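Chain by chain, the residues:
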Amino acid sequence: MRICLYARVSKAEEQNPENQLIELRRWASAAGHTIIGEFVDEISSRDTRPQKEAVLRHLRLGTADGVCFVALDRWGRTMSELVLELAEFSESGKSMVSLKEGIDLSTAAGRMMSHILAAMANFERDRIRERTLMGLAKVRAQGKHIGRSKGSKDKKPRKRRGQKRSEERRVGKECRSR
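Every chain begins its residue count from 1, and numbering advances along the sequence as written. Local features in a predicted model are, by the rule used here, given only for residues with pLDDT of at least 70; side-chain atom pairs are given and counted only at 80 or more, and totals for whole chains, interfaces and linings are based on all residues. Note that the side-chain values use all heavy atoms of the structure and ignore hydrogens as well as water.

**Thoughts on the pattern of salt bridges**
In step 1: What makes a salt bridge here is a side-chain nitrogen of Lys or Arg within 4 Å of a carboxyl oxygen of Asp or Glu, nothing more. A complete count under the given rule lists seven salt bridges for this structure.
In step 2: In this structure, Arg-74 and Asp-73 form a salt bridge, with 3.9 Å as the shortest nitrogen-oxygen distance.
In step 3: Judged by relative accessible area, Asp-73 falls into the partly exposed class, the value being 42%.
In step 4: With a closest N to O distance of 3.8 Å, Arg-127 and Glu-130 form a salt bridge. Of this pair, Arg-127 and Glu-130 both sit in helix α5 (residues 108-141), separated by three residues, roughly a single helical turn.
In step 5: For Arg-127, a relative accessible area of 37% puts it in the partly exposed group.
In step 6: Salt bridges linked by common partners bring Glu-18, Arg-25 and Glu-38 together as one network. Exposure is judged per residue with a 1.4 Å probe applied to protein chains only, and the accessible area is read against the type maximum: over 50% gives exposed, under 20% gives buried, and values in between give partly exposed. Helix and strand assignments follow DSSP, with helices taken as H or I runs no shorter than four residues and strands as E runs no shorter than two, numbered in order from the N terminus.

**Side note on the confidence of the model for the protein chain**
In step 1: A residue-level look at the protein chain finds 80% of positions with pLDDT of 70 or above and a mean pLDDT of 80.
In step 2: Low pLDDT, under 50, characterises residues 165-178; the predicted model gives this stretch 28 contacts beyond four residues in sequence or across chains. Values of pLDDT, which run from 0 to 100, indicate the predictor's confidence residue by residue. Contacts are residue-level and defined by heavy atoms, with any inter-residue pair within 4.5 Å sufficient.

**Thoughts on helix α4 (residues 79-91)**
In step 1: Over its 13 residues, α4 runs 18 Å from end to end, which matches the ideal 18 Å to within 8%, given 1.5 Å per residue.
In step 2: The complete set of buried residues in α4 reads Leu-82, Val-83, Glu-85, Leu-86 and Phe-89.
In step 3: Positive backbone phi, at 80 degrees, marks Gly-93, one or two positions downstream of α4. Multiplying 1.5 Å by the residue count of a helix minus one yields the expected span of that helix.

**A closer look at the packing of aromatic side chains**
In step 1: We call Phe, Tyr and Trp rings a pair once their centres come within 6.5 Å, taking the six-membered ring for Trp, and we label the pair stacked below 30 degrees between planes, edge-to-face above 60, and tilted otherwise. For the structure shown, the criterion picks out two aromatic pairs.
In step 2: Taking the centre distance of 5.1 Å and the plane angle of 15 degrees together, the rings of Phe-69 and Trp-75 count as stacked. Each member of the pair, Phe-69 as well as Trp-75, is classed as buried.
In step 3: Feature note: the residues Tyr-6, Phe-69 and Trp-75 constitute an aromatic cluster, connected by ring pairs.
In step 4: Only Lys NZ and Arg CZ are tested; either one counts as a charge over a ring when it is within 6 Å of the ring centre and within 35 degrees of the ring normal. In this arrangement the basic side chain of Lys-52 is found over the ring face of Trp-75, its NZ or CZ atom lying 4.8 Å from the centre.

**Quick word on the pairing of strand β3 (residues 66-69)**
In step 1: What you see with β3 is no split at all: Gly-66 and Cys-68 on one side and Val-67 and Phe-69 on the other are buried throughout.
In step 2: Should DSSP find at least two bridges between two strands, the strands are regarded as paired. Note: strand β1 (residues 2-9) against β3, four bridges, orientation parallel. Among the inter-strand pairings, Tyr-6 is bridged to a residue of β3, identified as Phe-69.
In step 3: Examined bridge by bridge, β3 and strand β4 (residues 95-98) share four bridges and lie parallel to one another. In the sheet register, Val-67 faces β4, and the bridge partner there is Met-96.

**A word on the sheet that holds β1**
In step 1: One open sheet accounts for five strands, arranged β2-β1-β3-β4-β5; its pairing is mixed. Pairing within the sheet leaves two strands with one partner each, and these edge strands are β2 (34-42) and β5 (103-104).
In step 2: Sheet topology note: the β1/β2 ladder contains eight bridges and is parallel. The residue of β2 that forms the bridge with Val-9 is Glu-42.
In step 3: Lying over the sheet, helix α1 (residues 17-31) contacts β1, β2, β3 and β4, oriented at roughly 160 degrees with respect to β1. Here an angle of 0 to 180 degrees is reported between the N-to-C directions of two axes, which are lines fitted to C-alpha atoms, with helices fitted over the stretch in contact.

Written as structure tokens, this is what we have:
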């Protein structure tokens, strides 16, 4: 199987991605997989994870059969992000392996675990919605205004969540091919 290895560190000065890569290489070697690339995001924010995007392109284009990462929190930042990607690649037959959690979508147990995670994400989203609606109802009951003030002169369109400006895009380190 052709596999991408993905590592992410939040603070390049304090964390070394090599620790994750050593563990990932060991796993790939023991499983007999061919490593097509090692992808590392350093000092990433929610919107700037160029190496993860590169891995996703490989998976979607079919140049890789799977991806391996040390832990789910290194791959995705939110439960909903994880669930969407797990579902996408489970349906397309791609393998996603998280070493720490022991999740491998190429196995029946891994697919079952992805369904459990999906159910938890739905539950989490519903609970957040309930709390938000309760908070809004409380504020309205107190007679407070919610949103922009009437007659606001701010007519500029707001930037949509997740939208990036070209000057804000950061280029991550190039894939270190084997």
